[in-house]
Amino acid sequence: MNTAIDLRQFRYFVAVSEELSFRRAAERLHISQPPLSRQIQQLEELLGVQLFLRSKSGVTLTGAGAAFLPEAKLALLQAEKAITVARSAQDPEYRKFVIGYTTVFDRSVIPDMQQQLSQLFPNWQIVTKGKTSLYLLRDIKNGVMDVAFIGLNTSIAGAGLAIESIYQEPFIAALPAHHRLASKRKLSLNDLRDEPIFWFKRRLNPGFYDYCQAFFDRVGFTFPVIPEPVDHHILLGLIAEEQGIGLIPSSLKKVKREGVVFRALNHEFAALSMGIGIAYLSDNQSPVLRSFLEQVRRIKTLPP
């Protein structure tokens with residue numbers, strides 16, 4: 001039996017994880033559903049773990065699947081880097097500039113620089129990648145990404161790593177549509193106290209976790225924690241299923257999800273916000289990076 005995992009299986013797994021539907025994933029991949037299902041089953045057998053929980057309403061990631069997702073995306077990125085290196089060695093005119101963006105925020109609050117840079121640098125391939133901030137910073141340190149829009153208060157050591165703040169965004173609450181608090185316009189600390197809330201694990205972003213925990217400790221805010229999935233589409237799906245409440249950046253209210261309502265938080269939460277910054281290596285001499293930084297620095301505020 002061949003125990004090697006095919007990169008195609010990584011792509012199929014990521015598609016199903018993001019769509020949470022074998023049918024939609026098959027349509028996205030331009031294949032029929034049966035071979036997609038077979039490839040996922042073979043991947044689960046090779047790994048020796050179950051990646052998805054299947055039901056009539058769709059699929060959800062298991063704990064093993066959620067842990068595997070960022071690593072599968074990283075494997076695909078490394079494969080793309082190998083292809084780029086080979087092509088660059090063959091053709092000096094082939095260049096690639098990679099922009100990352102944190103998936104914690106909705107893309108609408110992050111400037112879309114791809115088209116502008118493509119016009120300014122027609123001989124360069126401009127690529128965008130979405131990940132959590134910690135993985136974006138690791139990619140920059142490892143040289144597989146040039147610059148990234150990250151969530152601030154993300155801690156990672158790195159000589160020569162430059163981070164500039166460009167925007168602060170408040171938190172809002174995402175509730176099941178039929179939750180008892182859905183009738184309120186704004187929610188207070190007392191409203192949310194002891195409510196089960198999705199929250200991320202510290203290892204995913206220690207700096208931001210500590211920043212938030214310091215605020216919670218300062219105001220005496222406690223709540224039962226439900227492990228938060230990395231992907232916000234999955235998070236909103238779980239909230240729609242009435243499994244808990246989410247505290248999320250306000251831009252994510254633009255992501256429409258049936259069964260989920262969004263409510264503002266009152267003044268007690270004013271000191272808690274999520275910032276967006278740009279991160280890059282200060283010794284990166286790419287002419288595309290210089291142009292990118294000049295344009296971003298001219299943006300004083302981003303869309304609310």
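Residues numbered from 1 in each chain as written. Predicted model: local features only at pLDDT ≥ 70, side-chain atom pairs only at ≥ 80, totals over all residues. Heavy atoms only, no water.

The chain has the name LysR family transcriptional regulator in an unreviewed UniProt entry, where Yersinia alsatica is given as its organism. Under the heading Sequence similarities (unreviewed entry), UniProt records this for the chain: "Belongs to the LysR transcriptional regulatory family." (UniProt positions renumbered as here; feature names shortened; annotations may be inferred.)

Engineer: Explanation requested: the nonpolar core in the structure shown.
Structural biologist: Among soluble globular proteins, nonpolar side chains are generally buried collectively. Counting 46 residues, the largest nonpolar core has F149 and F292 as the members making the most contacts within it. Broken down by element, this core gets its largest block of residues, 6 residues, from strand β6 (residues 161-176). With residues up to four places along the chain from it excluded, the contact list for F292 reads F97, I99, M113, L117, V147, F149 and I278. By size, the runner-up hydrophobic cluster in this structure holds 35 residues, among which are F10, A25, V59 and L252. (Core = buried A, V, L, I, M, F, W, Y, C linked by side-chain atoms within 4.5 Å. Buried < 20%, exposed > 50% of the residue type's maximum accessible area, 1.4 Å probe, protein only. Helix = DSSP H or I, 4+ residues; strand = E, 2+ residues; numbered from the N terminus. Contact = heavy atoms within 4.5 Å.)

Engineer: Is there a simple way to think about empty space enclosed by the protein in this case?
Structural biologist: Where empty space is left can be seen by rolling a probe of water-molecule size over the atoms. Going through the model one piece at a time under the given rule, you end up with 4 cavities of 30 Å³ or more. Approximately 390 Å³ is the volume found for the largest cavity. Lining the largest cavity are 26 residues, and of these V104, F200, E228, V230 and M274 lie nearest its centre. Counting only elements with at least two residues in the lining of the largest cavity, the list comes to α6 (133-141), α9 (232-240) and β10 (245-249). At 3 residues, β10 tops the list of elements feeding residues into the lining of the largest cavity. Of the residues belonging to the lining of the largest cavity, the class tally is 17 nonpolar, 7 polar and 2 charged. There is about 110 Å³ of room inside the second largest cavity. What lines the second largest cavity is L69, P70, K73, L74, T103, G130, K131, T132, Y135 and V230. For the lining of the second largest cavity, the secondary structure elements donating two or more residues are α4 (63-90) and β4 (124-131). (1 Å grid on protein atoms, 1.4 Å probe; cavity = no way out; pocket = protein on both sides within 12 Å on 5 of 7 lines; lining within 4 Å. Points joined across faces, edges and corners; volume = space filled by probe spheres on them. Nonpolar A, V, L, I, M, F, W, Y, C, P; charged D, E, K, R; others polar.)

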